[in-house]
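This is what each chain is made of:
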Amino acid sequence: MAAVQLTSCCGRGVASTGVASSHKRTEEGIGSGLRGNWVSTSRISRALSLKTSAIEVLVVQVTPLKAVSSSSSSRNGVWCSAVESSIGAWPQTPAPENTLTFSADPSERNQEQEQMLKDLADSDETKRAKTLLNVVFVSAEVAPYSKTGGLGDVCGSLPIALAQRGHRVMVVAPRYMNGVTDAMYEGAFDCQCRIPVACFGATHEVAFFHEFRAGVDWVFVDHPSYHRQGTPYGDTRGAFGDNQFRFTLLCHAACEAPLVLALGGYTYGEKCVFVANDWHASLVPVLLASKYRRHGVYVNSRCILAIHNLAHQGVEPATTFSNLGIPLEWYGALEWVFPEWARLHALDKGEAVNHLKGAVVTSDRILTVSQGYAWEITTPEGGCGLDKLLGSRAAVINGITNGVDVDDWSPSVDRHLPATFTVGDMAGKAECKAALQRELGLPVRPEVPLIGFIGRLDYQKGPDIVQEGLPELMTDDIQVVMLGSGDTEMEKWMKWAETQYREKFRGWVGFSVPVAHRITAGCDILLMPSRFEPCGLNQLYAMRYGTIPVAHATGGLRDTIENYNPDANNGEGSGTGWIFSPLSKDAMVNSLWGAIFAYRNDKEGWARMQERGMEKDVSWTRSALQYEQVFEWAMIDPPYAA
Ligand SMILES: Nc1ncnc2c1ncn2[C@@H]1O[C@H](COP(=O)(O)OP(=O)(O)O[C@H]2O[C@H](CO)[C@@H](O)[C@H](O)[C@H]2O)[C@@H](O)[C@H]1O
């Protein structure tokens, strides 16, 4: 992430000429109380293209947040140290890469520049939050340190957006040492703080590592059970058998972290907003209610359950409850009884503990990652057995659509691409397409529609629907590339399909972030036949890269993709993609035919659709404001469970 500091604008600030003088002016800006405002770079991404026609005076400074000093984690410290570090850097680098330049003389600024400066100055998004909070995210994965999917993306970028709003933000995740991505943790140092965690019949010592980056305290819980090959959840033999233990440990450690870690010199303390993400972090609200509040600790804290995927609930045998380090009288919070039809035999009483259910009944508020999904989880079709319970808490459920890390996912700066591009200059996209075709060994043909699929090969993402539709699709002159791993039968099928359709189909089995970027940029169409999709990030990424999504009308996909209508707006057209329903091979193929037809025959309409998608504001800043609102509501109400 990067942030923008508005040091001067529209004649209000201190103005002088020349890069060298920028140092002085920035200092003056601070000294005179002319406080800058932080905003996400997405709001000015359009304006970045103006950079080349640069003029005399530096007015807006875009500061990569990695420049932020690691010595301070205080709210105000973040602000000042960011400014100071860039002051130090500027004299040596006369033309800072991320700097927007405008003339000091208003008469030399064009209308667009004027408007941009005005927007920056006026925007609510540029302001710091009215109420500053201590926010603690707890997650099983966090990008770039650990990522298997969208949960990692969200927990790696939303906290930064909240920190930019002035909140003090900590993210707690395990320190995975898998032999492959260990180097990611090189910047995190041992806090020299060990705590005992009593659970699973013993006392386990955990350590904390800490890195202050991009305004956020990244805290990694260290324990031997996180040191093994594979993903955060399993290896080639399947899910790890001790995941319940590993994530119970995470939750206990996360509850202690704000109390015991003096980050930047002082602890977060007892007044925090916890955001417990998915089942792995679901014991956090249970522990706050059952273990801490009864002793007068965390009385002023609240916990929000963020549901990214209801399909995974952390269900384990009822006998494991006594392992969790939760007072026995709280069994009812986690108690889960399977319906009779789901029991294995006549003596099976169907008794289990369900971690996510525990969080549903103890958290103060519940969030999902789109409004559509917020409703779906209260229905029998989308509730995965928890619909009635969630329905009973509907008053505190909100849906907030995920944002995008616009520093990581922007075609104008993407380091994984062979060429970059912008909405005003799409030449680079054609280069990306040709390079992708070359990389995959497909015929390099600019005119042939290239369709991509990226995602886990599992029931949710609907790769089987692609499998079913592929023979029909392959009758046309198109190319298809799939990237994913998961279901081994599906992986085998992808390899088989490659041999079957040598000139048209490629299946890339595995997990590769660079390849995901190159497919997103190089394809014309991104296919998402998800059975359910709480939000979905790939369609947001695709639209930013001028790649048109064709997706099942469900959850966040329905919320974020507008169906193409070439005749709307007096022939200008409207929409950013295709959404189809019901979820069937025929509906998907028909929708794809429509998209392919438009790609071939409606080139202007297609270009306008790309433009609309690329200009959509999908930055985290907008969503961060909504999260803030939910935090405030949570803090107003008394604790839900005590
Ligand atoms: N083989 C591969 N190689 C490289 N990268 C790969 C990959 N397979 C997937 N990815 C990447 O992983 C991420 C997946 O994002 P999704 O939104 O599909 O999340 P996911 O379903 O995991 O998570 C859940 O949480 C997120 C976040 O809230 C919700 O958007 C979503 O609907 C919900 O199911 C994307 O960044 C994608 O590019």
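The rules behind each value
Residues numbered from 1 in each chain as written. Predicted model: local features only at pLDDT ≥ 70, side-chain atom pairs only at ≥ 80, totals over all residues. Heavy atoms only, no water. Domains from an automatic or database assignment. Contact = heavy atoms within 4.5 Å. Buried area = accessible area lost by both parts, 1.4 Å probe. Salt bridge = Lys/Arg side-chain N within 4 Å of Asp/Glu carboxyl O. Polar contact = N/O pair within 3.5 Å; in protein donor to acceptor, adjacent residues only side chain to side chain. Helix = DSSP H or I, 4+ residues; strand = E, 2+ residues; numbered from the N terminus. UniProt positions renumbered as here; feature names shortened; annotations may be inferred. Core = buried A, V, L, I, M, F, W, Y, C linked by side-chain atoms within 4.5 Å. Buried < 20%, exposed > 50% of the residue type's maximum accessible area, 1.4 Å probe, protein only. Pairing = 2+ DSSP bridges. Axes fitted to C-alpha atoms, helices over the stretch in contact; angles between N-to-C directions. Near = heavy atom within 4 Å. Areas by Shrake-Rupley, 256 points an atom, 1.4 Å probe, with all protein chains shown as cover. Nonpolar A, V, L, I, M, F, W, Y, C, P; charged D, E, K, R; others polar.

A. Structural context of the domain arrangement of the chain. On domain assignment, one finds that the chain holds domain 1 (132-233 + 240-403 + 623-636) and domain 2 (426-616). Between the C-alpha centres of domain 1 and domain 2 there is a distance of 33 Å. Counting from both sides, the interface comprises 16 residues of domain 1 and, opposite them, 15 residues of domain 2. With both sides pooled, the region where domain 1 packs onto domain 2 buries about 1200 Å², and carbon together with sulfur makes up 58% of that total. Linking domain 1 with domain 2 are 1 salt bridge, by the criterion used here. Glu 376 is the salt-bridge partner of Arg 558, the closest N and O atoms lying 3.2 Å from each other. Where domain 1 touches domain 2, the interface holds 8 residue pairs in polar contact (both at pLDDT 80 or more). Looking at the side of domain 1 that touches domain 2, the elements that each hand over two or more residues are helix H5 (150-164) and helix H10 (371-376). With 4 residues, the single largest contributor to the side of domain 1 that touches domain 2 is H10.

B. Structural detail: the UniProt feature "domain: Glycosyl transferase family" (unreviewed entry) in the chain. UniProt tags residues 447-590 as "domain: Glycosyl transferase family" (unreviewed entry). The span residues 447-590 is 37% helical and 19% strand by assignment, and the distance between its end C-alpha atoms comes to 20 Å.

C. Spotlight on the nonpolar core. Of all hydrophobic cores here, the largest spans 102 residues; its most connected members are Val 172, Phe 208, Phe 274, Val 284, Leu 390 and Phe 631. Here the element with the most residues in this core is helix H6 (residues 243-260); it accounts for 9 residues. In contact with Phe 631, not counting residues within four places along its chain, are Leu 133, Val 135, Leu 162, Val 273, Val 275 and Ile 304.

D. Representation of the sheet that holds strand S5 (residues 134-138) within the structure. Spatial ordering of the open sheet is given by S7-S8-S9-S6-S5-S12-S13-S17-S18, a layout of 9 strands whose pairing is mixed. One side of each edge strand has no neighbouring strand; the edge strands of this open sheet are strand S7 (189-199) and strand S18 (397-399). The average undirected angle you get between the axes of adjacent strands in this sheet is 25 degrees.

E. Main features of the side chain of Thr 379. Within the secondary structure, Thr 379 sits in the loop between H10 and helix H11 (387-392). Owing to a relative accessible area of 11%, Thr 379 belongs among the buried residues under this scheme. Within the structure, the side chain of Thr 379 is placed 2.6 Å from the backbone oxygen of Glu 376, a separation counted as a polar contact.

F. Highlighting the site of the ligand. Taken together, 29 residues form the shell around the ligand, and within it Asp 153, His 308, Arg 456, Lys 461 and Glu 533 come nearest. Within the backbone of Gly 510, one N or O atom sits 2.8 Å away from a nitrogen atom of the ligand. At 3.3 Å from an oxygen atom of the ligand is found a main-chain nitrogen or oxygen belonging to Pro 534. Compared with its free state, where it exposes 710 Å², the ligand has 97% of that area covered by protein. Looking at the shell around the ligand, the elements with two or more residues in it are H5, strand S20 (479-484), helix H15 (513-522) and helix H16 (538-544). With 4 residues, the top contributor of residues to the shell around the ligand is H5. Its residues placed into classes, the shell around the ligand shows 12 nonpolar, 12 polar and 5 charged. Taken together, domain 1 (132-233 + 240-403 + 623-636) and domain 2 (426-616) each give at least three residues to the shell around the ligand, which thus spans both.

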